[in-house]
Structure formats: structure tokens, C-alpha cells
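Notes for the structure review
Residue strings, one per chain:
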Amino acid sequence: GELDAWSISDGHMLFRGALDLMWPPEAHPDMKDWLESHGERIDGIPLYVNILVVRIGKEIAIFDAGFGERDSTNIGWLQDGLRQAGIAPEQVTAGFLSHSHADHLAGFVAGGKPAFPNAAFYYLPEEYDFWHAAEPDFSKTKRNRAELPGMIKSVRQQFEILKGNSQPVKAGTQFFNGAVTIEAAPGHTAGHAIFRIKSGDETLLHFVDLAHHHGFMFQNPEWFIAFDHDPMQGIDTRKKVFAKAAAERTRCYGFHVPWPGIGHILPVGGGYLWHPERWSWGS
């Protein structure tokens, strides 16, 4: 449509022990078969980090902000990518947070201050409430419990830094004359959000962390990663969103699928296929 958009890589990681993070364990042989039959590496799970940036008239919106400042050559590329696109941090007017895991939230903070000082910071209130509860409920997650106290402390510190810019909004809220809609997609976290971007007759659905891999969660939406806070709720959300996107042939964008992260979710058997959009160099 009328909008300009960029897909900026914030970097990549590799989780060693390819299936250690994937559930349920009894499905590991099927997961390994998928990797082998598709020529994928089986020594680890690659994690891509794709940041969507959209110019809407005079507004520049960023959807999650990656890892931020890190002592690593593999992650924390967003600010350099923005410079290459000709966008200064001060020009960003809206920051949309899908959820508060470090690869999404940390990049909104730099040097103990908001990384995008002129940007309103939008998120669902359920996300804030979860992390600020007296005892956040991690009873259903499969992730390493030893990581949780540090995670909670870090999230609260970052929200505190961003509080002057913060604007919690309800699911279904539209921005910029309907160009962006924030939608609830709980399970990965309590307030996990996805984003629907529209211009003219075109739509782009940013499904964020409904999939952490370009094969597993599509092949079988009941397979999930240990990072999910409420895996069963996440499975239910994934099934609903994928079914609708596939039925409507919605163009999609994924945070953790291979860069540039643009494609379609196609129905195949009882599951789906992530079909990346091909580059076209013609005019």
C-alpha cells in the first residue's frame, strides 16, 4: 500500500542441543526427522531476530527492539540497521512491544535511558501486570527456573526506565487511522501481542513469537518451545491465528523465522508450512 517498511536483522543465535528446548519430548524423533528430511542442521536450533519498522506518513513505528546493547558480534544490530535505513532514534515515534522477553524489550533501553526518546511505548496491560505481580506465575513453563529471578528484575528495571513513555492499550486498539491494530495472542506470555498492519488493500500480520522456528510450530502447532509461559494456551492461540491466516492467505511477518521474515502460512495435511516470500529484483 502507501507505507514504507523495513525488515532489520538484530542478529542471530544458535541453541545447542537441537531439541532440548522443544516439547513434548516424545515428539523429538518426528522433529529430528523433519530436520533431516529438510536438510536442516541438527546440532542446534537457529534463532533469527527480525525487527519490523514501518513509516506511516510522518510516523515511524518499530515493532519490538531486539537485544539492545550486548557484548556480542552476533546480536544487537538494530541501531546500525536503522542508520543504514536513514532513521535516527529520535525519529521513531511509536514503539510497540509484543512481550517482555529480552530479545524484544531490551533494545528499547540504551545507556539506562529510552533508546527512542520521542517514541510512545505501547503494550498490552496484561503483560505489565504479569511481570509486576508479587509472584509472577511461571508454574506452567518448561524454561529453566534458575533464570527467572534475573528475568523478572531486568524486565521491571526496563519498564521503570520507559515509564515516562509508556502507554498501555487494550487489545483491538488501532493506531494511525487504522494502519496498525494490536491483537492479543496469549500463551507465550500473558500479554503476548501480535500486530496487523494495513494499507489500502494490503495486510501484513506480524505473528511475533507464535513460532520460534520455521519448521516445528508450523509442521505441528502442538509442538512448543520451553520459553512459553503457558504452553497449552499458546498452542490454542497458534492454532486459531494460523488457521485464520492460512484461510485468508494473509501475508505474514515472523520475528524468529529466517530473515527477512516475510511469507505465507499454508495448510499442509494436519499442519502448516511456512512459505517464505521470494525476492523479486524486477521493477
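The sections below set out a description of the structure shown in this document. Sequence order sets the numbering: in each chain, residues are counted from 1 along the sequence as written. The model is predicted, so local features are restricted to residues of pLDDT at least 70 and side-chain atom pairs to those at 80 or more, both for listing and for counting; the totals for chains, interfaces and linings are taken over all residues. Working from all heavy atoms in the structure, the side-chain values ignore hydrogens and water.

Examining empty space enclosed by the protein
Cut-off, in case you're wondering: Method remark: on a 1 Å grid restricted to protein atoms, a set of points is classed as a cavity if a 1.4 Å probe fits but cannot get out and as a pocket if it is open with protein on both sides within 12 Å along at least five of seven lines; lining residues have an atom within 4 Å of a point. Grid points are joined across faces, edges and corners, and a volume is the space filled by probe spheres set on the points. Gly counts as polar in this scheme, as do all residues outside two lists: the nonpolar Ala, Val, Leu, Ile, Met, Phe, Trp, Tyr, Cys and Pro, and the charged Asp, Glu, Lys and Arg.
This structure, assessed with the given rule, holds 2 cavities of 30 Å³ or more. Roughly 60 Å³ of volume is contained in the largest cavity. What lines the largest cavity is Gly95, Phe108, Pro114, Ala115, Phe116, Ala119, Ala120, Phe121, Leu162 and Asn165. Here the lining of the largest cavity is composed, by residue class, of 8 nonpolar, 2 polar and no charged.

A closer look at the layout of surface pockets
Once rolled over the atoms, a probe with the size of a water molecule shows which space is left empty. Test applied: In DSSP terms, a helix is any run of H or I states spanning at least four residues, a strand is any run of E spanning at least two, and both are numbered starting from the N terminus.
Taken as a whole, the largest pocket holds about 570 Å³ of empty space. Taken together, 22 residues line the largest pocket, and the ones lying closest to its centre are Ala5, Trp6, Leu204, Arg251 and Ile262. For the lining of the largest pocket, the secondary-structure elements that each account for two or more residues are strand 1 (4–16), strand 3 (44–56), strand 12 (193–199), strand 13 (202–208) and strand 15 (251–254). At 4 residues, strand 1 tops the list of elements feeding residues into the lining of the largest pocket. When its residues are assigned to classes, the lining of the largest pocket shows 12 nonpolar, 4 polar and 6 charged. Of the pockets and cavities examined, the second largest pocket occupies roughly 490 Å³. Listing elements by their share of the lining of the second largest pocket, those giving two or more residues are strand 1, helix 3 (102–105) and helix 5 (148–162). Sorting elements by how many residues they give to the lining of the second largest pocket places helix 5 first, with 4 residues. A per-class count over the lining of the second largest pocket returns 10 nonpolar, 9 polar and 5 charged.

Observations concerning the pattern of salt bridges
What counts is decided by this rule: The salt bridge criterion pairs a side-chain nitrogen of Lys or Arg with a carboxyl oxygen of Asp or Glu, the two atoms within 4 Å. With a 1.4 Å probe rolled over the protein chains alone, any residue whose accessible area is under 20% of its type maximum counts as buried; one over 50% counts as exposed, and the rest are partly exposed.
Enumeration according to the criterion identifies 12 salt bridges in this entry. One salt bridge in this structure joins Glu147 and Arg143, with 3.3 Å as the shortest N-O distance. When the shortest N-O distance is used, the salt bridge between Lys163 and Glu160 registers 2.7 Å. Judged by its relative accessible area of 54%, Lys163 falls in the exposed class. Glu160 sits in the partly exposed class, given a relative accessible area of 46%.

Examining the side chain of Arg143
Within the element layout of this structure, Arg143 appears in the loop between helix 4 (125–131) and helix 5. Residue classification places Arg143 among the buried residues on the basis of a relative accessible area of 11%.

Comments concerning the environment of Phe108
Spelled out, the test is: Two residues form a contact once any of their heavy atoms are found within 4.5 Å.
Its location among the elements puts Phe108 in the loop between helix 3 and strand 6 (109–110). A sequence separation of 68 residues divides Phe108 from Phe176, and the C-alpha atoms of the two residues are 21 Å apart. Ignoring any residue separated from it by four or fewer positions in sequence, one finds Phe108 in contact with Ile62, Asp64, Ala65, Gly95, Phe96, Leu97, Lys113, Pro114, Ala115, Phe116, Phe121 and Leu162.

What to know about a nonpolar patch on the surface
Stated formally: The patches described consist of residues with a relative accessible area above 30% and no salt bridge, like charges being joined within 9 Å and nonpolar side chains (Val, Leu, Ile, Met, Phe, Trp, Tyr) within 5 Å. Surface accessibility in these figures is a Shrake-Rupley result with a 1.4 Å probe; residues are shielded only by whichever protein chains are displayed.
A cluster of nonpolar side chains, contributed by Trp259, Trp279 and Trp281, occupies part of the molecular surface with about 500 Å² of accessible area. Tracing the backbone shows Trp259 in the loop between strand 15 and strand 16 (262–268). Of the residues examined, Trp259 reaches a relative accessible area of 43% and is grouped as partly exposed.

What about unusual backbone geometry?
Cis geometry marks the peptide bond from Trp23 to Pro24, where omega comes out at 0°. One can find Pro24 in the loop between strand 2 (22–23) and helix 1 (28–37). Between Trp259 and Pro260 the backbone carries a cis peptide bond, its omega angle lying at 10°. Relative to the elements of secondary structure, Pro260 occurs in the loop between strand 15 and strand 16. Located in the positive-phi region is Asn177, a residue other than glycine, with phi close to 60°. On the secondary structure map, Asn177 appears in the loop between strand 10 (174–175) and strand 11 (180–184).

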